[in-house]
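# Observations on the three-dimensional arrangement
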Amino acid sequence: MLDWDTLEAQCLACQKCALADTRTHVVFGTGSRSAEVMFIGEGPGENEDLQGEPFVGRGGQLLDDMLEIIDLDRKTNIYIANIVKCRPPQNRDPLNTEQDACIGYLRNQVALIRPKIIVCLGRIAAARIIKEDFKITKEHGQWFERSGVHMMAMFHPAAILRDPRRRPEAFQDLKSLQAKIREVCTHTY
Ligand code: URA
Ligand code: SF4
């Protein structure tokens, strides 16, 4: 396991997959390195690639608004990262080969943070982190536990923007996350 500075330096210089050729910025991750709650997305989009920050733009604003409902804040009490750190062209899904090349950075981030709770944003992250055949429509909001880490998936903010009828369920999932934080976290609230 690498320390934060070494890990970040390696990641920012990474050429392990072809996404390196088309990226503007590597999006390493953001937030508190002593967070008890980690959010994991699939990969940078256009705005994230341009700014080097996860979840900026319209989807990012919605995520921030959702976080605020349960007193979470991307800078102070959570950490946000992605499965792949460079933008897939045209925002296509990251290929399995790209995910395989990149996942070590995320695993190292998880090993350094040792979160109590991992929240996957969308199906791609859930399929990689929780289980391969994850069905987001059916299984969002359900809790899974793996070696003492509590995990769930919520709808991706972009999916909520595409279909606002998902908002009530997203709200339920947030309240469930809030309850889980109260149950298992000691310094998030
Ligand atoms: N979508 C993601 O999954 N991650 C980001 O950082 C931005 C959009
Ligand atoms: Fe390296 Fe990951 Fe970027 Fe591929 S996506 S170049 S593995 S940092």
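These notes cover the structure that comes with them. (Residues numbered from 1 in each chain as written. Chains lettered and ligands numbered in written order. Predicted model: local features only at pLDDT ≥ 70, side-chain atom pairs only at ≥ 80, totals over all residues. Heavy atoms only, no water.)

### Side note on the packing of aromatic side chains
Heads up, the rule is: Here a pair means two rings of Phe, Tyr or Trp (six-membered ring of Trp) with centres within 6.5 Å. Their orientation is stacked below 30 degrees between planes, edge-to-face above 60, and tilted elsewhere. Only Lys NZ and Arg CZ are tested; either one counts as a charge over a ring when it is within 6 Å of the ring centre and within 35 degrees of the ring normal.
Counted under the stated rule, the structure contains three aromatic pairs. Taken together, the aromatic side chains of Trp4, Phe28 and Tyr79 make up a single cluster linked through ring pairs. One residue, Arg166, lies across the ring of Phe155, its end atom 5.3 Å from the ring centre. For Lys180, the ring lying beneath its charged end belongs to Trp143, and the centroid distance is 5.1 Å.

### Overview of the packing of helix H1 (residues 4–12) against helix H4 (residues 96–113)
Stated precisely, the cut-off is as follows: An axis is simply a line fitted to the C-alpha atoms; with a helix, the fit covers only the stretch in contact. Between two such axes, the angle follows the N-to-C directions and lies from 0 to 180 degrees. Only runs of H or I of at least four residues qualify as helices and only runs of E of at least two qualify as strands under DSSP, and these elements are numbered from the N terminus. By definition in this entry, angles of less than 35 degrees are roughly parallel, angles greater than 145 are roughly antiparallel, angles of 65 to 115 are roughly perpendicular, and the rest are oblique. Crossing handedness follows the turn of the near helix against the far one: under a right angle anticlockwise gives a left-handed crossing, and clockwise gives a right-handed one. The criterion used for residue contact is that any of the two residues' heavy atoms lie within 4.5 Å. Three classes are used, and their members are as follows: Ala, Val, Leu, Ile, Met, Phe, Trp, Tyr, Cys and Pro are nonpolar, Asp, Glu, Lys and Arg are charged, and the others, Gly among them, are polar.
One way to put it is that H1 packs onto H4 with a least axis distance of 11 Å and a crossing angle of 165 degrees. By the angle between their directions, the pair H1 and H4 is classed as roughly antiparallel. As H1 packs across H4, the resulting crossing turns out to be left-handed. Taking contact as the criterion, the partners of Trp4, Leu7, Gln10 and Cys11 in H1 are, on H4, Tyr105, Asn108, Gln109, Leu112 and Ile113. Of the residues that constitute the contact of H1 with H4, the class distribution is six nonpolar, three polar and no charged.

### Remarks on empty space enclosed by the protein
Rules: Residues are said to line a cavity or pocket when one of their atoms sits within 4 Å of a point; the points come from a 1 Å grid over protein atoms alone, cavities being sets where a 1.4 Å probe fits but cannot get out and pockets being open sets with protein on both sides within 12 Å along at least five of seven lines. Grid points are joined across faces, edges and corners, and a volume is the space filled by probe spheres set on the points.
This model, assessed by the stated rule, comprises one cavity of 30 Å³ or more. A volume near 100 Å³ is recorded for the largest cavity. In terms of lining, the largest cavity is formed by 15 residues, of which the most central are Cys14, Cys17, Arg23, Cys86 and Cys102. Among the elements that take part in the lining of the largest cavity, H4 stands out by supplying four residues, more than any other. In terms of residue class, the lining of the largest cavity is made up of eleven nonpolar, no polar and four charged.

### What about helix H8 (residues 167–184)?
Applicable threshold: Expected helix span is computed as 1.5 Å times (number of residues minus one). Partly exposed residues are those whose accessible area sits between 20% and 50% of the maximum for their type, while under 20% is buried and over 50% is exposed, using a 1.4 Å probe and protein chains only. Read the arc as the range of directions from the helix axis to the C-beta atoms.
The end-to-end C-alpha distance of H8 is 26 Å, a good match for the 26 Å that 18 residues give at a rise of 1.5 Å each. Along H8, the positions that sit buried rather than exposed are Ala170, Asp173, Leu174, Leu177, Gln178, Lys180, Ile181 and Val184. End-on, the buried residues of H8 take up no more than an arc of 165 degrees, which puts them together on one face. Across from the buried face of H8, at angles greater than 90 degrees, the exposed residues are Pro168, Gln172, Arg182 and Glu183. Of the surrounding elements, those touching the buried residues of H8 are strand S2 (37–41), helix H3 (57–69), strand S4 (117–121), strand S6 (149–154) and helix H7 (157–162).

### Quick look at the pattern of salt bridges
Going by this rule: Salt bridges are counted wherever a side-chain nitrogen of Lys or Arg sits within 4 Å of a carboxyl oxygen of Asp or Glu.
Going through the model one piece at a time under the given rule, you end up with ten salt bridges. One salt bridge in this structure joins Glu8 and Arg33, with 3.0 Å as the shortest N-O distance. With a gap of 25 residues between them, Glu8 in helix H1 and Arg33 in the loop between strand S1 (30–31) and S2 connect regions that are remote in the sequence. We classify Glu8 as partly exposed; its relative accessible area is 25%.

The quantities given are spatial measurements derived from coordinates; they are silent on function.
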